[in-house]
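Next come the chains, spelled out residue by residue.
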Amino acid sequence: MKKISLLSLLFILNISCTSQKKNVPSIKPTKYMNTITASDLKTHLYIVAADSMEGRETGTAGQKKAGVYLIDQYKKNSIPFPKGASSYYQKVPAEFMNKKYGEKLGDSENIWAFIEGSEKPEEVLVISAHYDHVGIKNGEVYNGADDDGSGTVALLEIAQAFEIAKKEGHGPKRSIMFFHATGEEHGLLGSRFYSENPLFPIANTITDINIDMIGRRDESHANTNNYVYLIGADRLSTDLDNICTIANAKYIKMDLDYKFNDPKDPNHFYERSDHYNFAKHGIPAVFLFNGVHADYHQKTDEVDKIEFDALAKRTQFAFVIAWELANRENRPVVDKK
């Protein structure tokens with residue numbers, strides 16, 4: 001046998017290990033993406049947007065009842081509240097809620113659940129949706145099935161998919177916070193409170209994926225629901241925009257509509273949902289949205305009008321974006337002001 005020096009042996013072993021590492025296939029999200037189903041979303045939404053939740057007005061008994069249901073689902077799936085927190089609630093005091101606009105809201109709560117990362121637990125991906133709506137008006141319950149019951153139940157399904165992956169040994173490398181914001185309808189209050197009182201240093205938040213109204217279609221897409229408006233992904237980070245585009249092309253194949261991403265668009269949707277309170281702090285953010293329809297903020301925004309095939313597909317899209325962000329080597333680079 002030919003003699004090999006120790007230095008040569010180490011070099012060969014290093015080349016071999018590197019080669020093996022490159023050849024090990026990364027875990028694809030497809031299996032876990034497919035645990036997100038129209039049927040499960042429908043089950044959740046018929047509860048979250050039921051008359052018994054009284055329209056989920058901020059700080060009311062109805063909203064708190066909806067919050068209990070959300071927490072029960074996280075407990076059922078063995079998804080805890082974040083380390084450093086004492087419960088699933090981040091209390092938002094009435095004083096804060098009413099300071100800016102002089103309203104008379106009661107105390108309310110953001111709700112958070114958490115899956116800790118296996119390799120970079122200090123880096124946190126936030127996936128957000130607001131769980132409040134506008135309550136009861138003139139004796140009529142405004143159930144807000146699309147706004148934002150759709151995003152609320154999407155978070156439950158995304159969290160469950162990640163937890164299933166974790167139990168099979170494929171948990172996220174970065175930590176993920178599932179964040180249900182209160183007070184969105186009154187001026188993005190809950191997300192602003194979190195951004196000013198974060199549980200983890202705000203600089204440790206790598207991205208916010210915000211989901212607000214993804215269960216319907218608008219007039220511009222009367223003939224198809226195979227689309228989603230992608231808003232904000234490129235405002236701060238070229239990386240984030242590329243991640244969204246590639247994830248869609250590989251796994252979802254929806255039409256990505258950038259109409260409302262134009263900074264000159266008069267609707268200014270980029271500034272009108274909870275992701276904006278992360279973006280203000282320099283955190284890359286993307287907003288998934290189906291556009292406004294005739295039932296927006298009307299008593300007719302009911303579950304029987306939700307297109308659950310579209311809701312499932314858009315929820316899966318949010319999941320695969322999150323999967324890439326949670327598992328890629330580097331966090332998205334902020335390369336824009």
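Below you will find a few notes about this structure. Numbering of residues starts from 1 in every chain and runs along the sequence as written. Reporting in this predicted model follows two pLDDT cut-offs: at least 70 for local features of residues, and 80 or more for side-chain atom pairs to be given and counted; totals over whole chains, interfaces and linings ignore these cut-offs and use all residues. Hydrogens and waters are ignored; side-chain quantities use all the structure's heavy atoms.

Looking at the overall build of the chain
Link 1 in the chain: Segments assigned H or I by DSSP are reported as helices when at least four residues long, segments assigned E as strands when at least two residues long, and all are numbered from the N terminus. When helices and strands are counted, the chain shows eleven helices and ten strands.
Link 2 in the chain: By definition, residues are in contact when any of their heavy atoms lie within 4.5 Å. Across the chain, every contact between residues at least 6 apart in sequence was considered, and the portion connecting residues at least 24 apart equals 82%.
Link 3 in the chain: Surface summary for the chain: the accessible area is close to 15100 Å², and the carbon and sulfur share equals 53%.
Link 4 in the chain: Charge-centre separation for the chain: the mean point of 41 positive side chains lies 8 Å from the mean point of 46 negative side chains. Accessible areas in this description were obtained via Shrake-Rupley with a 1.4 Å probe; residue shielding takes into account the shown protein chains only. Only four residue types enter the charge count, namely Lys and Arg as positive and Asp and Glu as negative; His and the chain termini do not. Where a charge lies is defined by one atom per residue type, namely NZ (Lys), CZ (Arg), CG (Asp) and CD (Glu).

So, helix α11 (residues 308-327)
Link 1 in the chain: One less than the residue count of a helix, multiplied by 1.5 Å, gives the span that helix is expected to have. Compared with an ideal rise of 1.5 Å per residue, which puts 20 residues at 28 Å, α11 spans 28 Å between its outermost C-alpha atoms and is within 8% of the ideal.
Link 2 in the chain: Whether a residue is buried, partly exposed or exposed follows from its accessible area with a 1.4 Å probe, protein chains only, as a fraction of its type maximum: under 20%, in between, or over 50%, in that order. In terms of residue burial, α11 counts as a mostly covered element, since 17 of its 20 residues are buried.

Some thoughts on the side chain of D208
Link 1 in the chain: Here D208 shows up in strand β7 (residues 205-211).
Link 2 in the chain: We define a polar contact as two N or O atoms separated by no more than 3.5 Å, with the added condition that, inside protein, one atom must be a possible hydrogen donor and the other a possible acceptor, whereas residues neighbouring each other in sequence contribute only through side-chain atom pairs. Of the polar contacts made by the side chain of D208, one reaches the side chain of S128; its length is 2.9 Å.
Link 3 in the chain: Filtering out sequence-adjacent residues up to four positions away, D208 remains in contact with V126, I127, S128, D274, H275, F278, I283, P284, A285 and V286.

So, the pairing of strand β2 (residues 108-115)
Link 1 in the chain: Across the eight residues that make up β2, a large majority, eight, are buried.
Link 2 in the chain: The alternating pattern of β2 places S108, N110, W112 and F114 on one face and E109, I111, A113 and I115 on the opposite face, and all of these are buried.
Link 3 in the chain: Where strand β1 (residues 89-92) lies against β2, four bridges are found, and the strand directions are antiparallel. The residue bridging V92 from the neighbouring strand is S108, located in β2.
Link 4 in the chain: Pairs of strands are assigned from DSSP output, requiring at least two bridges between the strands. Sheet analysis places β2 next to strand β6 (residues 174-181), joined by five bridges and oriented antiparallel.

Notes on the sheet that holds β7
Link 1 in the chain: Taken in spatial order, the eight strands of this open sheet run β1-β2-β6-β3-β7-β10-β8-β9, and their pairing is mixed. Each edge of the sheet is formed by a strand with only one pairing partner; in this case those strands are β1 and β9 (255-257). Sheet twist, expressed as the average angle between the axes of neighbouring strands with direction ignored, equals 25 degrees.
Link 2 in the chain: The strands touched by helix α4 (residues 61-76) within the sheet are β1, β2 and β6, with β2 carrying the most contacts at an inclination of about 10 degrees.
Link 3 in the chain: Relative to β7, α11 is tilted by about 180 degrees, and along the sheet it contacts β3 (120-130), β6, β7, β8 (227-231), β9 and β10 (285-289). Where helices are involved, their axes are fitted lines through C-alpha atoms of the stretch in contact, as for all axes, and angles between N-to-C directions lie from 0 to 180°.

Some words on the packing of aromatic side chains
Link 1 in the chain: Side-chain rings of Phe, Tyr and Trp (the six-membered ring for Trp) are treated as a pair once their centres are within 6.5 Å; stacked means planes under 30 degrees apart, edge-to-face means over 60, and tilted covers the remaining angles. Under the defined criterion, the tally for this structure stands at 20 aromatic pairs.
Link 2 in the chain: Seen from their ring centres, F114 and F200 are 5.2 Å apart, and the 20 degrees between their planes marks the pair as stacked. Taken as a pair, F114 in strand β2 and F200 in the loop between α7 (189-196) and β7 lie far apart in primary sequence, 86 residues in all.
Link 3 in the chain: Given a relative accessible area of 17%, F200 falls into the buried group.

Comments concerning the pattern of salt bridges
Link 1 in the chain: Any Lys or Arg side-chain nitrogen found within 4 Å of a carboxyl oxygen on Asp or Glu counts as a salt bridge. In this structure the tally under the stated criterion is ten salt bridges.
Link 2 in the chain: With its nearest N and O atoms 2.7 Å apart, the salt bridge here joins E168 to K31. With a gap of 137 residues between them, E168 in the loop between α6 (145-167) and β6 and K31 in helix α2 (residues 30-33) connect regions that are remote in the sequence.
Link 3 in the chain: A salt bridge links E307 to R217, with the nearest nitrogen and oxygen atoms 2.7 Å apart. Remark: R217 occurs in the loop between β7 and β8 and E307 occurs in the loop between β10 and α11; sequence separation between them is 90 residues.
Link 4 in the chain: With a relative accessible area of 18%, E307 lands in the buried category.
Link 5 in the chain: When its relative accessible area of 25% is taken as the criterion, R217 is described as partly exposed.
Link 6 in the chain: If you follow the salt bridges from partner to partner, you end up with R216, D295 and K305 in one network.

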